[in-house]
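Coordinate inspection notes
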Amino acid sequence: VFFNNRFHDRNQGAAIYLPKDCHGIMVMDLDEYDESYVRSIANQIRDSSLWQYVLFMFRSPSGGLKFAIKTDVTKDDNLFHTLAYEKIMKLLERMDITCEFDGNCKNINRGTYLTHDEKAYYNGNCRTLALAERIQKEYDNQKRSERHSAEMMKLQLANSDGTDVERARAWYDKEVQKIINCTVPGFRHQNAYIVAVTAFSIGLDESDALRGLYAYK
C-alpha cells in the first residue's frame, strides 16, 4: 500500500519519477523483533510531542512497528521527500527516541505492507507537521549544487588533458550507481535513458554512456 501518493501510470510501476498527488504522509518503519523493545518505542512516541501529528500506528507483519507522521510535504519529488524524512529522524533523535528505522522508507516510492493488529491506532484528525518551508532552502541548495557540479564537469572536459576525463568518469559512475539504487521494476527503460543522458550532459561520449548502460543492466 502506498499511503503517501498515487502514480501516473500503474503499468509502469512505482518508480520515484512517477508519483503524483502526494499527501505528505511519512511512514516510519522500525525493523525490530524484540517485543519489549518495540513496545517501549511505541510508548515513547505516544508520550512525545510528535504524537499529535501521528496519523496511524500498527505492528508490522515482521513484528516491528510502523507509524505515519502527517506533514505539509506534498511536493512530487524524491529529494524533497527524503529531506523531510531525515528531518523527522532528527526530531525523533532530539526526543531521545533513538532506534534503527528503515532508511529505505525515505524514498517517495516506498510501499508498506499491512497487517492485522487489533490495537492499531488511527487519528484522521491529527495535526499537520509543518516541514516544507524549513526544507525548501536545503532542497534548493542541493539542486543548485547538482547543476553546478554537472556544469563544472562539462566545462573542465571541454579543455581536458585526460585527468579531467577520468574525474568526470568517476563522477558519472557515482551518478549511475545512484540511479541503480533507486530503480524499481517497471521503470527500467526510463532510467536507462537517464543513465545515457547524464553521460552526454557532462560532455562524455558514447563509449562512456554504453559503459554506464552495461553497469545499469
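In the block above lies the structure referred to throughout.
Structure report, in brief. (Residues numbered from 1 in each chain as written. Predicted model: local features only at pLDDT ≥ 70, side-chain atom pairs only at ≥ 80, totals over all residues. Heavy atoms only, no water.)

1. A few points about the overall build of the protein
When its secondary structure is counted, the protein shows six helices and six strands. Reading the helices (α) and strands (β) of the protein from amino to carboxyl end gives β-β-β-α-β-β-α-β-α-α-α-α. Out of the 217 residues belonging to the protein, those deemed buried represent 43%. Long-range pairs, those at least 24 residues apart, make up 70% of the contacts in the protein with a sequence separation of at least 6. As presented, the protein carries roughly 12,500 Å² of accessible surface, and 48% of it is formed by carbon and sulfur atoms. (Helix = DSSP H or I, 4+ residues; strand = E, 2+ residues; numbered from the N terminus. Buried < 20%, exposed > 50% of the residue type's maximum accessible area, 1.4 Å probe, protein only. Contact = heavy atoms within 4.5 Å. Areas by Shrake-Rupley, 256 points an atom, 1.4 Å probe, with all protein chains shown as cover.)

2. Regarding unusual backbone geometry
Of note in the backbone geometry, Asp-96 takes a positive phi value of approximately 65 degrees without being a glycine. With respect to the secondary-structure elements, Asp-96 resides in the loop between α2 (78-94) and β6 (121-122). Overall, the relative accessible area of 60% leaves Asp-96 in the exposed class.

3. Details of the environment of Ala-168
Within the secondary structure, Ala-168 is located in helix α4 (residues 163-181). Each C-alpha atom of the pair Ala-168 and Leu-204 lies 7.8 Å from the other, and the pair is 36 residues apart in sequence.

4. A look at the side chain of Lys-66
When you line up the elements, Lys-66 lands in strand β5 (residues 65-70). A relative accessible area of 8% means that Lys-66 is categorised as buried. In this structure Lys-66 touches Met-28, Asp-29, Phe-56, Met-57, Phe-58, Ser-60, Pro-61, Thr-112 and Tyr-113, once residues within four positions along its chain are discounted.

5. Notes on the pattern of salt bridges
As enumerated under the stated definition, the model contains eight salt bridges in all. Ionic pairing is found between Glu-35 and Arg-59, a salt bridge with its closest N-O pair at 3.1 Å. In this pair, Glu-35 sits in helix α1 (residues 35-47) while Arg-59 sits in strand β4 (residues 54-59), placing the two residues 24 residues apart along the sequence. Judged by relative accessible area, which is 22%, Arg-59 ranks as partly exposed. (Salt bridge = Lys/Arg side-chain N within 4 Å of Asp/Glu carboxyl O.)

6. Details of the packing of aromatic side chains
Two aromatic rings, taken as a pair, are described by how far apart their centres are and by the angle between their planes. Applying the stated criterion across every chain yields a total of three aromatic pairs. Centre to centre, the rings of Trp-51 and Tyr-121 are 4.4 Å apart; their planes meet at 35 degrees, and the pair counts as tilted. Taken together, the residues Trp-51 in the loop between α1 and β4 and Tyr-121 in strand β6 connect sequence positions 70 residues apart. Look at Tyr-121 and you get partly exposed, because its relative accessible area is 26%. With a centroid separation of 5.2 Å and 70 degrees between ring planes, the pair formed by Phe-80 and Tyr-139 is classed as edge-to-face. Residue Phe-80 is located in helix α2, and its partner Tyr-139 is located in helix α3 (residues 132-158); the two are separated by 59 residues in the primary sequence. Pair check on accessibility: Phe-80 and Tyr-139 agree, each one buried. One cation-aromatic arrangement involves Lys-75 over Phe-80; the distance from NZ or CZ to the ring centre is 5.9 Å. (Phe/Tyr/Trp six-rings, centres within 6.5 Å; stacked < 30°, edge-to-face > 60°. Lys NZ or Arg CZ within 6 Å of the ring centre and 35° of its normal.)

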